[in-house]
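# Structural features, examined
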Amino acid sequence: MYLILVGGGNVGQQLARRLIAKEHEVLILEKEGSQAQRLSNILGEDYVMHGDGCELHTQKAAGFNRADVVVAVTGEDEDNLVICQLAKFIWAVERVVARVNDPSHEAIFREIGIDDTVSATGIIYSLIDQRLEQDEIVPVGALHRGHVEVVEAVLTGRSPIVGKQVRDIQLPQGTYIVYLLRDQVGQTVDGDTVLKNGDMVVALVPTDRADELRTVMCSGT
Amino acid sequence: MRPEVRQRPWVTFGLSMKVVVLGCGRSGAMLAIQLSSQGHQVTLIERNPEALRRLGRSYPCRVVIGNGLEDEVLVKAGIEEADAFIAVTRGDNTNIMAAQIVQKRYKVAKVGVKVADPLRADAYRKMGLYCLNASALIAGMMRDWMVDEPFKTIDLYNTIPPEMEF
């Protein structure tokens, strides 16, 4: 795979190092001459190009047209947005990933058409958040570009669905309980399954219905 | 207080637009002054209070100090009721991002963007943003003035020559 990283700060450098170790074809674009020089001393000059990754000329020279992945990891959200938009819409790059520094920008990136965003603040917050709220349903993954979530929840005695058959539970539309972990043993779930205190259930839920599911599965608060 | 129309008799067809201008550089300040003097309701967003000196001694318009990429700042500037948004900071990417936020999220009818890089302006024009590129305008108009050709319409200047395409 050919991966282009734009932005040679800490994130770009560490990412490049890992990808190079995996023997991918990697190019890291850095705007500042001195930083580009430093990077090429560390990573090897074949992996580094000095230039403004927001400029179409630089993008052409870097080979955006044949890149499989473009990752924008500069410290400026507006730069990351433009890099990803040009990669996607001008160079038809299959996969573009943007680092979002201000978490409030994540939504607008998606609205504009950049679906894959990574926000350090967002990730750290969600990790803390998961630890804090035990009665919560915890997102463990996203499907279909984030429109569907895979969630897990450990049922407590307070959960209104404990003791019920799955067929009798009024789940939000489009939601399925697909799997169950009881006493460390995994099992599939059907309409007859009766849920117990301590069960860990895995469900698929449309993202916009996750809150509804929380009300149904957890203590109702 | 006198009625608005009397105060500004040069508003001839009663059309006063609510405009948010992002960036109080040379273009932004000039635009804010021009629009205000024509009776439009202008709010200027600028990060650096120092830059407001470009407006002269008496501010012609409302000013919000802050980052135009933040919703809070845009809302404070009245983006929800705005008829137009013009992004003229010196950062092309800031202008491009702000314009798209305003277009997608606040559905502002007219959104204009200053883009200094001719190729980037061209790319975003193709993607549906109204981008003006000063270099293209100056080059084209200087050329026509020099050879005594009559000036053309703006869209004929506001493009890149095929030789520049990549």
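As the structure is a computational prediction, the values presented were derived from the model and not from experiment. (Residues numbered from 1 in each chain as written. Chains lettered and ligands numbered in written order. Predicted model: local features only at pLDDT ≥ 70, side-chain atom pairs only at ≥ 80, totals over all residues.)

## A few points about the overall build of chain A
Of regular secondary structure, chain A possesses seven helices and eleven strands. For chain A, the spread of C-alpha atoms along the principal axes amounts to about 65 × 30 × 30 Å. Across the 221 residues that make up chain A, the buried fraction comes to 33%. Restricting the contact set of chain A to residue pairs at least 6 apart, pairs at least 24 apart contribute 56%. (Helix = DSSP H or I, 4+ residues; strand = E, 2+ residues; numbered from the N terminus. Buried ≥ 20, exposed ≤ 12 C-beta atoms within 10 Å, placed from the backbone. Contact = placed C-beta atoms within 7 Å.)

## Concerning the overall build of chain B
Helices and strands together make up the secondary structure of chain B, namely seven helices and six strands. The helix and strand sequence of chain B, counted from the amino end, reads α-β-α-β-β-α-β-α-β-α-β-α-α. Here chain B has a C-alpha radius of gyration of 17 Å; the compact-globule value for 166 residues is 15 Å, and the two agree. Residues classed as buried in chain B amount to 36% of the 166 residues present. Intrachain contacts of chain B at a sequence separation of at least 6 include 48% that bridge at least 24 residues. (Rg over C-alpha atoms; globule rule 2.2 N^0.38 Å.)

## A few points about the sheet that holds strand β5 (residues 110–114) of chain B
The strands making up a sheet associate through hydrogen bonds between their backbones, and the pairing can be parallel or antiparallel. Residue and element names in this part refer to chain B. Overall, parallel pairing links the six strands, which are arranged β3-β2-β1-β4-β5-β6 in an open sheet. Only two strands of the sheet have a single partner each, and these edge strands are β3 (62–65) and β6 (130–132). Averaged over all adjacent pairs, the angle separating strand axes in this sheet is 20°, with direction ignored. The pairing of β5 with β6 spans three bridges and is parallel. Across the sheet, glycine 112 pairs through a bridge with tyrosine 130, a residue of β6. Each of β1 (18–22), β4 (84–87) and β5 is contacted by helix α4 (residues 92–106), which is oriented at about 175° to β5, the strand it contacts most. (Pairing = 2+ DSSP bridges. Axes fitted to C-alpha atoms, helices over the stretch in contact; angles between N-to-C directions.)

## Brief notes about the interface of chain A and chain B
How big an interface is tends to be reported as the loss of accessible area on association of its parts. Contacts between the two partners involve 16 residues from chain A and, on the opposite side, 17 residues from chain B. Secondary-structure elements contributing two or more residues to the side of chain A that touches chain B are α3 (56–62), α4 (77–89) and α5 (106–112) of chain A. Top element by residues in the side of chain A that touches chain B is α4 of chain A. It accounts for six residues. Taken together, the residues that form the side of chain A that touches chain B break down as nine nonpolar, two polar and five charged. (Nonpolar A, V, L, I, M, F, W, Y, C, P; charged D, E, K, R; others polar.)

## Some words on the domain arrangement of chain A
In terms of domains, chain A is made up of domain 1 (2–123) and domain 2 (134–217). On a C-alpha basis, the centroid separation for the pair domain 1 of chain A and domain 2 of chain A is 37 Å. (Domains from an automatic or database assignment.)

## Considerations on the sheet that holds strand β2 (residues 25–30) of chain A
All names here are of chain A. Strand order in the open sheet formed by six strands is β3-β2-β1-β4-β5-β6, and the pairing between neighbours is parallel. The open sheet has two edge strands, β3 (48–50) and β6 (117–118), and neither has a second partner. Of the strand pairs in this sheet, strand β1 (residues 2–6) and β2 are connected by five bridges, and their pairing is parallel. Looking at β2, one finds that leucine 5 is bridged to isoleucine 28. In this fold helix α2 (residues 33–43) packs onto β2 and β3, with an angle of close to 165° to the strand it touches most, β3. Strands β1, β4 (69–72) and β5 (95–99) of the sheet are contacted by α4, whose axis makes an angle of about 175° with β5.

## Points about helix α7 (residues 210–217) of chain A
Residues and elements named next belong to chain A. For α7, the full list of buried residues reads Leu213, Arg214, Val216 and Met217. Within α7, the buried residues cover an arc of 165° as seen down the axis, which keeps them to one side. Opposite the buried face of α7, by more than 90 degrees, sit the exposed residues Asp211 and Thr215. Check the buried side of α7 and you find it contacts β8 (148–154) and β11 (200–206). (Arc of directions from axis to C-beta.)

## Section: the environment of glutamine 170 of chain A
Tracing the sequence through the fold places glutamine 170 of chain A in the loop between β8 and β9 (176–182). In the structure, glutamine 170 of chain A is positioned 47 residues away from methionine 217 of chain A in sequence and 9.8 Å away in space, judged by C-alpha atoms.

## Quick notes on the nonpolar core
Of all hydrophobic cores here, the largest spans 74 residues; its most connected members are Leu5 and Val70 of chain A together with Val21 and Phe85 of chain B. Apart from residues no more than four positions distant in its own chain, leucine 5 of chain A is found in contact with Gly12, Leu15, Ala16, Val26, Ile28, Leu29, Val71 and Val73 of chain A. Ranked by size, the runner-up nonpolar core spans 15 residues in total, among them Leu180, Leu213, Val216 and Met217 of chain A. (Core = buried A, V, L, I, M, F, W, Y, C linked by C-beta atoms within 7 Å.)

## Quick word on the environment of glutamine 37 of chain A
Relative to the helices and strands, glutamine 37 of chain A resides in helix α2. Looking at glutamine 37 of chain A, the number of C-beta atoms within 10 Å reads 14, which means it is partly exposed.

## Points about the pairing of β2 of chain A
Residue and element names in this part refer to chain A. Between β1 and its parallel partner β2, the chain crosses via helix α1 (residues 10–21), and the hand of that crossover is right-handed. When β2 meets β3, the two strands line up parallel, connected through three bridges. When the sheet's bridge partners are listed, leucine 29 is paired in β3 with methionine 49. Regarding the hand of the β-α-β motif, the stretch spanning β2, α2 and β3 is right-handed. (Right-handed = clockwise from strand over helix to strand, strands pointing away.)

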